[in-house]
Amino acid sequence: MVDATIDVIHRGGLKCDLNYLIQGNTLGSHDEPNPDTDYEEIPVWNLVIDHPEATILWDTGNHEDALDGHWPEGLKQGFYPHDVREHTLEGDLADAGYSLDDIDAVFQTHLHLDHAGGLHHFDGTDVPVYVHEKELKFAYYSEKTDKGSAAYILEDFDHDLNWQVIHQDRETHFEDMEFIRLPGHTPGLTGTMIHLDDHGTLVFAGDEIYQSVNYDDEVPLGAGLLWGSQEWFDSLQTLKELERYHDAEVVYGHDPEQFEEIRSGWS
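What counts as what
Residues numbered from 1 in each chain as written. Predicted model: local features only at pLDDT ≥ 70, side-chain atom pairs only at ≥ 80, totals over all residues. Heavy atoms only, no water. Helix = DSSP H or I, 4+ residues; strand = E, 2+ residues; numbered from the N terminus. Rg over C-alpha atoms; globule rule 2.2 N^0.38 Å. Buried < 20%, exposed > 50% of the residue type's maximum accessible area, 1.4 Å probe, protein only. Contact = heavy atoms within 4.5 Å. Areas by Shrake-Rupley, 256 points an atom, 1.4 Å probe, with all protein chains shown as cover. Lys, Arg positive; Asp, Glu negative; His and termini not counted. Charge placed at Lys NZ, Arg CZ, Asp CG, Glu CD. Expected span 1.5 Å × (residues − 1). Arc of directions from axis to C-beta. Pairing = 2+ DSSP bridges. Axes fitted to C-alpha atoms, helices over the stretch in contact; angles between N-to-C directions. Patch = residues over 30% accessible without salt bridge, like charges linked within 9 Å, V, L, I, M, F, W, Y side chains within 5 Å. Salt bridge = Lys/Arg side-chain N within 4 Å of Asp/Glu carboxyl O. Phe/Tyr/Trp six-rings, centres within 6.5 Å; stacked < 30°, edge-to-face > 60°. Lys NZ or Arg CZ within 6 Å of the ring centre and 35° of its normal. Polar contact = N/O pair within 3.5 Å; in protein donor to acceptor, adjacent residues only side chain to side chain.

If you look the chain up in an unreviewed UniProt entry, it shows as Glyoxylase-like metal-dependent hydrolase (Beta-lactamase superfamily II) from Halolamina salifodinae.

What follows is the structure, encoded as structure tokens:
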């Protein structure tokens, strides 16, 4: 167990159709062939993990210029970051009592646009940026070819960064804090397990799990955001094994109800 604190940094919200998050969330029928979809707001958030060995920024959120040309129109329409101008990384960190200069390391669960948009703040610095090898390769593959995922933006991650590449499925770089690859949403998505002195074990699943229905009912992510269905299911079982073995709390990527419960963080 480690004497660390974790602050949840609210980075605003995205408005989207829940069919992206929950496979088959809204389906037509004979009597209702064109049902209304659930178009709702989901939270975007980062963590600051104040660990004895480093102050770690966990994901970097949306780019502050998402509505001003940084995001292509199709991505804006699909995942509308309506309040992004009010939620800059610098400002949101300041609200929690931190500055960019306080950050000793960055951890990226993956490099999609709502998770890697703040990396430009670390361009040209020696701040280590942890990301899985498979994620880094897939992000560049997606942006440099017409294959892969459309949810990457090259300008989010194509910087002079001090990449610290994770190569194994499980690696520990800080005491009692483990990076665990959870492929499914993307090939290199990586979550984090940390054993806290006062709060037990937390497992941050990232976008392997969007909302509770993905975890509790084992409903996959929407097909457009599911890189590998079997890989996703296997990663889900990994999370459930970690929960059972460590009596852990599993934290999802974009669940509004759970987000309200965790906003005060762990300190």
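**Structural notes on the overall build of the chain**
Helix and strand counts for the chain come out as 7 helices and 11 strands. Its C-alpha atoms give the chain a radius of gyration of 18 Å, within 12% of the compact-globule value 18 Å for 267 residues. Burial statistics for the chain: of 267 residues in total, 56% are counted as buried. Considering only contacts in the chain between residues 6 or more positions apart, those separated by 24 or more positions represent 68%. Within the structure as shown, the chain displays about 11500 Å² of accessible surface, and the carbon and sulfur contribution to it stands at 42%. Side chains of the chain carry 13 positive and 57 negative charges; the gap between the two charge centres is 7 Å.

**A look at helix H6 (residues 229-246)**
Given 3.6 residues to a turn, an α-helix orients residues that are three or four positions apart in the same direction. Its 18 residues place the ends of H6 26 Å apart at the C-alpha level, agreeing with the 26 Å of an ideal helix rising 1.5 Å per residue. For H6, the complete set of buried residues consists of Trp 232, Ser 235, Leu 236, Leu 239, Lys 240 and Leu 242. End-on, the buried residues of H6 take up no more than an arc of 155°, which puts them together on one face. Residues of H6 that are exposed and angled more than 90 degrees away from the buried face: Arg 244 and Tyr 245.

**Notes on the sheet that holds strand S8 (residues 177-181)**
As a general point, the strands of a sheet are linked pairwise by backbone hydrogen bonds and lie either parallel or antiparallel. Taken in spatial order, the 5 strands make up an open sheet running S7-S8-S9-S10-S11, and their pairing is mixed. Looking at the sheet topology across the chains shown, the edges are occupied by strand S7 (170-174) and strand S11 (249-251). Pairs of neighbouring strands in the sheet enclose a mean axial angle of 20°, with direction left out of account. The pairing of S7 with S8 spans 4 bridges and is classified as antiparallel.

**Observations concerning unusual backbone geometry**
The backbone of Asp 176 sits at a positive phi, close to 55°, despite the residue not being glycine. With respect to the element layout, Asp 176 can be found in the loop between S7 and S8. Using a relative accessible area of 25% as the deciding quantity, one classes Asp 176 as partly exposed. The phi angle at Asp 247 is positive, at roughly 50°, despite the residue not being glycine. Among the secondary structure elements, Asp 247 is positioned in the loop between H6 and S11.

**Things to note about a negative patch on the surface**
On the surface, Asp 3, Glu 53, Glu 175, Asp 197 and Asp 198 cluster together into a negatively charged patch. Residue position: Glu 175 is located in the loop between S7 and S8. Note on Glu 175: relative accessible area 41%, which makes it partly exposed.

**Focus: the packing of aromatic side chains**
Two measures describe an aromatic ring pair: the distance that separates the ring centres and the angle between the ring planes. Following the criterion strictly, the structure yields 14 aromatic pairs and no others. Ring centres 5.7 Å apart and planes at 70° place the aromatic pair Tyr 130 and Phe 174 in the edge-to-face group. Of this pair, Tyr 130 sits in strand S5 (residues 128-132) while Phe 174 sits in strand S7, placing them 44 residues apart in sequence. Overall, Tyr 130 belongs to the buried group, its relative accessible area being 10%. On the basis of relative accessibility, which here comes to 7%, the residue Phe 174 falls in the buried class. On the basis of an interplanar angle of 80° and a centroid distance of 5.5 Å, the ring pair of Phe 204 and Trp 266 is categorised as edge-to-face. One end of the pair, Phe 204, is in strand S10 (residues 200-204); the other, Trp 266, is in the segment after helix H7 (256-262), with 62 residues separating them in the sequence. Per residue, the accessibility class of Phe 204 equals that of Trp 266, and both read buried. Of the aromatic side chains, those joined through ring pairs into one cluster are Trp 45, Trp 58, Phe 107, Tyr 130, Phe 174, Phe 179, Phe 204 and Trp 266. In this structure, Lys 240 is placed above the aromatic ring of Tyr 215, and the distance from its NZ or CZ to the ring centre is 5.1 Å.

**Regarding the side chain of His 110**
Residue placement: His 110 occurs in the loop between strand S4 (105-107) and S5. Looking at His 110, its side chain comes within polar contact range of the side chain of His 185, at 3.5 Å. When near neighbours in sequence (up to four residues on either side) are disregarded, His 110 contacts Asp 59, His 115, Ala 116, Glu 135, His 185, Thr 186, Leu 189 and Asp 207.

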